[in-house]
Structure formats: structure tokens, C-alpha cells
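# Structural features, examined
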Amino acid sequence: MNELDTMRHSCAHVMAAAVQEMFPDAQFGFGPPIEDGFYYDFELPRQLSPDDFKEIEQRMRRLAKSADHFEYKEIDGKSAIELFTSMNQTYKVEAINNLVSSGEPISLYKSGPFLDLCRGPHVGTTKQIGHFKILSVAGAYWLGDENNPQLQRLYATSFPTKDELTTHLARLEEARRRDHRILAKQLDLFSTNTDVGAGLILWHPKGGVLREIIENYWREEHRKHNYDIVFTPHIGRKKLWDISGHTQWYQDGLFPEMELENQSFINKPMNCPFHVQIFDSQTRSYRDLPLRYGELGTVYRFERSGVLHGALRVRGFTQDDAHIFCRHDQFAKEVGGALDIAYKMLGTFGFTDLKLIVSVRDENRDKKYVGSDEMWTLAEQGLIDALTEKNIEYQRVEGEAAFYGPKIDVMVEDAIGRQWQLSTIQVDFNLPERFDIDYEDSDGSRRRPVMVHRALLGSIERFTAILIEHFAGAFPVWLAPVQAVLIPIADRHIEYCNEVALKLASHGIRIHVDDRGERMNRKIRDAQKQKVPYMLIAGDRDVEANNVSVRLRNGEDIGAITPSVFAQTVQQVSIDRSESYGFGH
RNA sequence: GCCGACGUGGCUCAAUGGUAGAGCGGGGCUUUCGUAAAGCUCAGGUUGUGGGUUCGAUUCCCACCGUCGGCUCCA
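Here the structure is a predicted model, which is why all the values come from computation and not from measurement.

### So, the overall build of chain A
The helix and strand tally for chain A stands at 18 helices and 29 strands. Projecting the C-alpha coordinates of chain A onto the three principal axes gives extents of approximately 90 × 75 × 55 Å. Among the 585 residues that make up chain A, the fraction classed as buried is 51%. For chain A, restricting intrachain contacts to residue pairs at least 6 apart in sequence, the fraction spanning at least 24 positions comes to 71%. If you sum the accessible surface of chain A, you get close to 27900 Å²; carbon and sulfur atoms cover 48% of it. With 70 positive and 86 negative side-chain charges, chain A shows a separation of 4 Å between the mean positions of the two kinds.

Structure representation (C-alpha cells):
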């Protein structure tokens, strides 16, 4: 445990002590440090509310003032159980039992009147717990198991100095400011509503532009890399996913079946079976492989109501999916090829700090997996070969593989340092087996192809949401739903603005004329709030010289230029997919 | 799904056991103005839905739907 974690962990003890003062009958769960703070779980006679935070913090400050030493004590398991049983701490007793069975020593820490089962280490005294703030209260299952009782979890944070705490709280505020749900409303990008159903996104015209650009770019990049683009239905016969195994593995995640004329249909939770059918629509030769079928396929998965979150976690979403059918000697190269596109595309959107994770089966095979050991070993080796060949560093994580094969996940870091998992590339020997597909090899024998499943942006809905947060709604020119607003200073300039707008639109620039009866200042303000990259102002001087005066979203005044120079510049930065405005700096 | 909070005009929010108010936004009129909010005026809500308590509920209770913070889950 590093110094900061130690301090936060000690702070958690003090918080627990404060809660114990308020509720002598409180039972305690765990209280570890976490990224950016710590939490502590309690079972209390009543529900805590944010109104209680102040009192708890006050008590914490008083406990800190008394500067009690954190006293360490080691005792044997039996007396520990007796001690905590006498204190009526059933969760602690359970924790001790687990420790005893694993042979770990039982250590205690006492600070003032508060005694806790704890491995430590701690700071010297309760005075050294830094500057803290309680952030939220939430339910949390004991030991993370939803069959266990639910405790109340207090989330809090602490930092050595007041400045650091203030900075961190400002960072949280910044994240809230970038919240895609709020920005989507302000910028009129998408919405959800009760009548449509939770977790189902309605894309408004401006969000539609964003999506269209992202999708067109995706298609362009995949065409370049010799992918074929296919389209498949939103529903299909259930037996397809029975064969693939999805109904068995993810029963809870499916929308219920539709029975018609003795056939059972479901909304597709995955595109793969359809792509397999396309592969299987004719006899394939080894010369045909690899076959790469890409699809922006919208799938439907029933997510539990409590997990829905804006456009990040929804019930209907569009995977930028593809399935590569290839020979055994090809799949490592195909994985590498998919990674290349991922790097290229994510880089274009401004994500350059990428981390890779190779997820494999867990050591003990506790979870259920399909396929033989040889398949898994071979698949994992293929993934790792692809990475070592490219000299890419990765982290290997056990237990995170899909049920049918290992995978590579790509994590990106956004503008304020948050991690998002985007791309996933998975090797699968299983599905070809289940669907009994094959190709004819050079010697005339029938061979099983390997499938590579991959999604690079993940889901278009989710990716768009991440982009909104990454750019805080201020999209680079090539993505901006409206690229420029033309602002006539007085009504007599509207006609000129309309002419210019027509001309710019003919160059593919997304523009509109703000011809409302408002003053220029107001129009600038509104365009600014809509985060439109360029404001083109036209008054007497501009009309006379056939110019527009360019103001950038960042406040910079570029001055008067001709509409055609403006058009050229905007076209260029759009083609380059640059984050620059093309003027100034 | 679970725990908790919340749900008032397009948006942000206020108010009360006696059928709701502001700002922004919208319409109209006036203003025609050089780099982040002109003025006047009008309209707009059966207070998420359905029950219940009450003489009377938007306010209290229950259920459902949805949203938010987490937990669990995430092919």
C-alpha cells in the first residue's frame, strides 16, 4: 500500500469511528482505499442521506483533533472471533473466519475507542488523515454478492493538502460538466423517453450528423482494409443463437422470443450467426480466405434497469462489428490487421494513449468455457504473436476471456484522463465448429475456418457518448454537426448571408444562417453555447468587400476573408480530420 | 434486479393539505445594432402514470414507469 492509500485507509477508519459514535449498534464491513479515495460499508439502523455527511465530517474532524495513535495488535483467530462476536460484529466475524481458514494472521488496529480488524498499515495518529470529504452513499452487497445482505457504503476521498482536495473536487466537477447526457440535451444530439422505453436512443438531426460522419469514416477505413460490408436483419430465428450458444450463456440478456407460425424469433443479441450464414451460403475455397464481413449491426440486449446509463449502457446499440473467416495460418495476421485499423481510427478521433489487455481463461477453469484446451492455447498464442510482432506491450488478465475464446481489449484515455474500453478482438474456434462450416483446402479436403470477432469502436452509441465527453461537446470541425453559423449584423445583410451560405453548403460545409431578429452579440453567444467552431459575421463592410469576418469558437478573431478562402480552409481541415481550425496559430 | 434519492410548462428550478410561480426558451410588436444575453407583450402546466387516505392532494400512502448515485451484471 502506498503512502496515499495508507492515509486514505486511516481516514476510512476515522470515518467508521464517526459513524460508530452516531450509531453505537453499527455493524462494519470493509473500508479499503480505492482510486481517488476510499469507502466503508456499514449496516445501520436507518438509511443515511447526504444530509448526514456534514455531521459525520464534523465528528471526523473532532476525532482527528484528538490525535489518537493507531495501535497495532496481533491476536490468534480464536480470541479474535470471540472478541468480535462479543462486539456483535457479524461481518467482521465472517471475515476473520475466512482469514483463519486461509492461515493469515489476525491483526487489529485501535484508534481512540474504535477497534477494527485490519491488516494495516496506518498513519501514526488520527491527525494525519489529510483533508477529506464524503461524496456519496450507496447500497453495496456484502462481499459483492447480490445474494448477500446489502450494506450502506459511504464513498469519500482525502488528500494530504487542501489544495489537492480542491483540485480533485474540481476534476469531478469537470467530469460532470462533460456529462454526455447533459450535453446531448443542450446540443440537441439525442434523447430517450418513457414511451419509447428505457435504454433506447433517439438520434436527433444533429446527433444524426455525428453518427453519419463516424459511420462513413468507419466504412471508408474498412473498405481500405479489404473488408466487405454486409447487412443483416434485426431479428432472426432463435435456433441460430441456440446453435451459437448465446441463448444458453446469456439467457437473461435476451429480449423474449416471438412465436409465430410455430417458429420462434428473437431480437439479435449478436451479429455473428448471420455472418456465419453468409459465409456458408456457398462452398468456400482456401483461396477465398480470409473473408472479412463488416457490419454496423444493431443488436438488442436486455440490460437490467439499474445499469442503464445515458448512451453508454443501453438496450439497443450498433456494434461496429466484423467477422473474419480465415485459415489457421492466417488468424494471427488478421488480428494484427484489425489492431492496425483500431490504432488508425482511434488516433483519428484523438485517442493516442492506448493500453492493451489480453484476456484469457482463468487458471482453475471455474467459469464455463467451450472448446478444447488445444484451441485455447493456440488462440492465445495467436493473439500474443500478433502483439509481439508489432512490438506492442500488453497486460495479461486471467478470467476475462469470452466463453468461446481469448481476446485483446484496447483501452483509451480521454481528455481528462479517464479510461474507456473500446476495441475488442476475439479469436474463436468454437463457432465454426458449432455451425459446422468449412472450406475446401488445396488438397481437396474440408477444413474448419477460424473466426475473428472484432469491434473497434465498440458500439456507435457508446462511442459517440465517449466522444461527447472527450471533446466536452466542442467537436473538431470534421465532426461538428454545424460547422459554421452565418451572423448578419442587420436584416439588410440577410440576403448576402443566404448567398454565402448557399455557396459554402455547395462545398459541403454544414452551415446555417442565424436570421433571427436578434442582435449580433446574442447570436454569437448562442452559437458559442452550441459550440459551433466558426462564426461568420457579415455587416456593411463585409458585404461591400464580399467577405465574411471569422470568429472562432475559442474566441479568436480571424478578421475578414473571402467565403472561398474560408471554404477551402474548412474543407482542408475536414479532409485531414484535424483538430485545428485551419486559421491562426 | 437490489439499496437510496428524485420526477412541477421545451429547459433549469421555486412553492403549498385548499387545483401552481420565476428565469431561460417559444409567438407577436418595437429595435437594425460590429465579436458571449436589446425592450415590451402574449401564450404555455389535468405537478410521470394508476390507485388509495382526505371534505379537498401537486403536496401524505401504495404500486408501476422513468431518471440519478452506487452494488451486481456486461457475449
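### Description of the nonpolar core
Phe349, Phe351 and Leu479 are the most contacted members of the largest nonpolar core, which totals 64 residues. Element by element, the count of residues in this core is highest for helix α11 (residues 331–348), at 8 residues. The contact partners of phenylalanine 349, leaving out residues within four places of it in the chain, are Ile214, Tyr217, Leu457, Phe463, Leu467, His470, Phe471, Trp478, Leu479 and Glu579. Counting 33 residues, the second largest nonpolar core, distinct from the first, contains Ala16, Leu48, Ile129 and Leu154.

### Comments concerning the protein's contact with RNA strand B
Looking at RNA strand B, there are 52 residues lining it, with Tyr141, Gln150, Met270, Arg522 and Arg525 nearest. The separation between a phosphate oxygen of RNA strand B and a polar side-chain atom of arginine 492 is 2.8 Å. A distance of 2.7 Å separates a base nitrogen of RNA strand B from a polar side-chain atom of aspartate 542. Of all elements in the fold, only β7 (131–141), β8 (150–159), α6 (180–186), α16 (520–529), α17 (540–545) and β28 (548–552) reach the threshold of two or more residues within the surface near RNA strand B. Broken down by element, the residue count for the surface near RNA strand B peaks at 6 residues, all from α16. For the surface near RNA strand B, a count of residues per class yields 16 nonpolar, 18 polar and 18 charged.

### Remarks on the domain arrangement of chain A
According to the domain assignment, chain A contains domain 1 (3–174), domain 2 (186–471) and domain 3 (484–576). Placing the centre of domain 2 and that of domain 3 at their C-alpha centroids yields a distance of 42 Å. With 5 residues of domain 2 at the contact, the number on the domain 3 side is 4 residues. Taking both sides of the interface into account, the surface hidden between domain 2 and domain 3 amounts to around 330 Å²; carbon and sulfur atoms contribute 55%. Connecting domain 2 to domain 3 are 0 salt bridges. Taken together, the links from domain 2 to domain 3 amount to 1 residue pair in polar contact (both at pLDDT 80 or more). Sort the elements by how many residues they give to the side of domain 2 that touches domain 3 and helix α7 (residues 205–224) lands first, with 3 residues.

### Here we look at the side chain of arginine 454
Relative to the helices and strands, arginine 454 resides in strand β24 (residues 450–459). Among buried charged residues, arginine 454 stands out as having no salt bridge; its nearest opposite-charge side chain is aspartate 320, 4.2 Å away. Within the structure, the side chain of arginine 454 is placed 3.2 Å from the side chain of tyrosine 227, a separation counted as a polar contact. Within polar-contact distance, the side chain of arginine 454 engages the backbone oxygen of aspartate 320 at 3.2 Å. Apart from residues no more than four positions distant in its own chain, arginine 454 is found in contact with Trp218, His222, Tyr227, Asp320, Asp321, Ala322, Ile324, Ala338, Ile341, Thr424 and Ile425.

### What to know about unusual backbone geometry
Most of the time, phi is negative for any residue but glycine, and the peptide bond is trans. In the segment running from leucine 289 into proline 290, the intervening peptide bond is cis, with an omega of 0°. Mapping proline 290 onto the fold places it in the loop between β15 (284–285) and β16 (291–300). For aspartate 36, which is not a glycine, the phi torsion comes out positive at approximately 70°. Locating aspartate 36 in the fold gives a position in the loop between β2 (33–34) and β3 (37–43).

What counts, and where the lines are drawn
- Residues numbered from 1 in each chain as written.
- Chains lettered and ligands numbered in written order.
- Predicted model: local features only at pLDDT ≥ 70, side-chain atom pairs only at ≥ 80, totals over all residues.
- Heavy atoms only, no water.
- Helix = DSSP H or I, 4+ residues; strand = E, 2+ residues; numbered from the N terminus.
- Buried < 20%, exposed > 50% of the residue type's maximum accessible area, 1.4 Å probe, protein only.
- Contact = heavy atoms within 4.5 Å.
- Areas by Shrake-Rupley, 256 points an atom, 1.4 Å probe, with all protein chains shown as cover.
- Lys, Arg positive; Asp, Glu negative; His and termini not counted.
- Charge placed at Lys NZ, Arg CZ, Asp CG, Glu CD.
- Core = buried A, V, L, I, M, F, W, Y, C linked by side-chain atoms within 4.5 Å.
- Near = heavy atom within 4 Å.
- Polar contact = N/O pair within 3.5 Å; in protein donor to acceptor, adjacent residues only side chain to side chain.
- Nonpolar A, V, L, I, M, F, W, Y, C, P; charged D, E, K, R; others polar.
- Domains from an automatic or database assignment.
- Buried area = accessible area lost by both parts, 1.4 Å probe.
- Salt bridge = Lys/Arg side-chain N within 4 Å of Asp/Glu carboxyl O.

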